[in-house]
Amino acid sequence: MLRENYEEVQKNIALACERAGRERDSVTLIAVSKTKPVSDIEEIYALGQRQFGENKVQELMDKEPQLPDDVDWHLIGHLQSNKVKYIVGKVKMIHSVDSVKLAETISKEAVKHGTDENILIEVNVAGEESKFGVSPDETLSLVEKIAPLPNIHIRGLMTIAPFVSDPEENRPVFRKLKQLSVDIVSKNIDNVSMSVLSMGMTNDYMTAIEEGATHVRVGTAIFGERNYNI
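Report on the accompanying structure. Worth saying up front: this structure is predicted, and the values here are computed from it rather than measured.

Across its full length, the protein holds nine helices and eight strands. What you see for the protein is a C-alpha radius of gyration of 17 Å, in line with the 17 Å of a compact globule of 230 residues. Across its three principal axes, the protein shows a C-alpha extent of roughly 45 × 40 × 35 Å. Residue burial in the protein is summarised as follows: out of 230 residues, 51% are buried. Sequence separation of 24 or more characterises 60% of the internal contacts of the protein that already satisfy a separation of 6 or more. With an accessible surface of roughly 10900 Å², the protein has 48% of that area assigned to carbon and sulfur atoms. Within the protein, the 36 negative side-chain charges are centred at a point lying 3 Å from the centre of the 27 positive side-chain charges.

The following block contains the structure:
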């Protein structure tokens, strides 16, 4: 079943790229494996997948040593400053930076460990009270404050769009994040690249790709419904 799910998602990504006139390799699929056993990840790994996403630091720490070294881990969930020390040097990218304090902590730990960390700024485009992230209006200011910090590199933006039954409803959200990235690029800030747009999940990843997503975070469509009772 996992193989069929995975192949279906890959097919949909290719289709969305085709519709948007984009090359397939312009989109990176992050298989979101939160709450799923290592055996499921191994099955998807065997199909060639190397990018995996986890929401919780503890879960990522538990799984990381059990899987091959060529897995690229993405921390996509909210990150507390006191957990930063556990993941520095172990993840390819932190998608959820939304404050100067958190960025400073990542920078400090990265310097201490002699490593460089790639980060994304999480933007709460839809202004949902239940979601983390900085507002679109505050994003540029946050980027400018974080950019000079040592050993971290701002690679782009991330958003979690609202959960909707019709993915078309999220098109304006994705469009706004894309425009925000263009606006930031125009400022030519040192140590800031907007090459990554992490947006789109199981419900709306095809729409996100059509609006410029470079990284889509897909869990349920690959692994099935999550078990939150573990």
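Still to come is the rest of the account.
Here we come to unusual backbone geometry. In this structure, Thr35 takes a positive phi of about 70° despite not being glycine. Note that Thr35 resides in the loop between β1 (28–32) and α2 (38–45). Accessibility expressed as a relative area gives 13% for Thr35, which makes it buried. Phi at Asn188 is positive, roughly 50°, even though this residue is not glycine. A residue is classified by how much of its surface remains accessible, and Asn188, at 65% relative accessible area, is exposed.

Let us look at the pairing of strand β2 (residues 51–54). Neither face of β2 is open: one carries Gln51 and Gly53, the other Phe52 and Glu54, and all of them are buried. Two elements, β1 and β2, share two bridges in a ladder whose sense is parallel. Note on β2: the bridge partner recorded for Ala31 is Phe52. Crossover handedness for the path β1 to α2 to β2: right-handed.

Next up on the list: the environment of Lys176. Position of Lys176 relative to the elements: it lies in helix α7 (residues 171–185). Taking the C-alpha atoms as reference points, Lys176 and Gly21, separated by 155 residues in sequence, lie 20 Å from one another.

This part is about the packing of helix α1 (residues 2–20) against α2. At a minimum axis separation of 10 Å, α1 and α2 run at an interaxial angle of 55°. As summarised for this structure, α1 and α2 are arranged oblique, according to the angle between their axes. As for the relative orientation of α1 and α2, their crossing is right-handed in sense. Contact with α1, carried on its side by Leu2, Arg3 and Tyr6, involves Asp40, Glu43 and Ile44 of α2 and no other residues of that element.

Before going further, it helps to spend a moment on the packing of aromatic side chains. In total, this model carries one aromatic pair according to the counting rule given. Centre to centre, the rings of Phe52 and Trp73 are 6.2 Å apart; their planes meet at 45°, and the pair counts as tilted. With a gap of 21 residues between them, Phe52 in strand β2 and Trp73 in strand β3 (residues 72–75) connect regions that are remote in the sequence. The exposure class assigned to Trp73 is buried, which follows from its relative accessible area of 2%.

Tallying each qualifying case throughout the model produces twelve salt bridges. Close ionic contact of Arg19 with Glu210 constitutes a salt bridge, the shortest N to O distance being 2.7 Å. Remark: Glu210 occurs in helix α8 (residues 205–210) and Arg19 occurs in helix α1; sequence separation between them is 191 residues. According to the relative accessible area criterion, Arg19 is exposed, its value standing at 52%. Overall, Glu210 belongs to the partly exposed group, its relative accessible area being 23%.

Thresholds, definitions, all that
Residues numbered from 1 in each chain as written. Predicted model: local features only at pLDDT ≥ 70, side-chain atom pairs only at ≥ 80, totals over all residues. Heavy atoms only, no water. Helix = DSSP H or I, 4+ residues; strand = E, 2+ residues; numbered from the N terminus. Rg over C-alpha atoms; globule rule 2.2 N^0.38 Å. Buried < 20%, exposed > 50% of the residue type's maximum accessible area, 1.4 Å probe, protein only. Contact = heavy atoms within 4.5 Å. Areas by Shrake-Rupley, 256 points an atom, 1.4 Å probe, with all protein chains shown as cover. Lys, Arg positive; Asp, Glu negative; His and termini not counted. Charge placed at Lys NZ, Arg CZ, Asp CG, Glu CD. Pairing = 2+ DSSP bridges. Right-handed = clockwise from strand over helix to strand, strands pointing away. Axes fitted to C-alpha atoms, helices over the stretch in contact; angles between N-to-C directions. Parallel < 35°, antiparallel > 145°, perpendicular 65-115°, else oblique. Left-handed = near helix turned anticlockwise from the far one by under 90°. Phe/Tyr/Trp six-rings, centres within 6.5 Å; stacked < 30°, edge-to-face > 60°. Salt bridge = Lys/Arg side-chain N within 4 Å of Asp/Glu carboxyl O.

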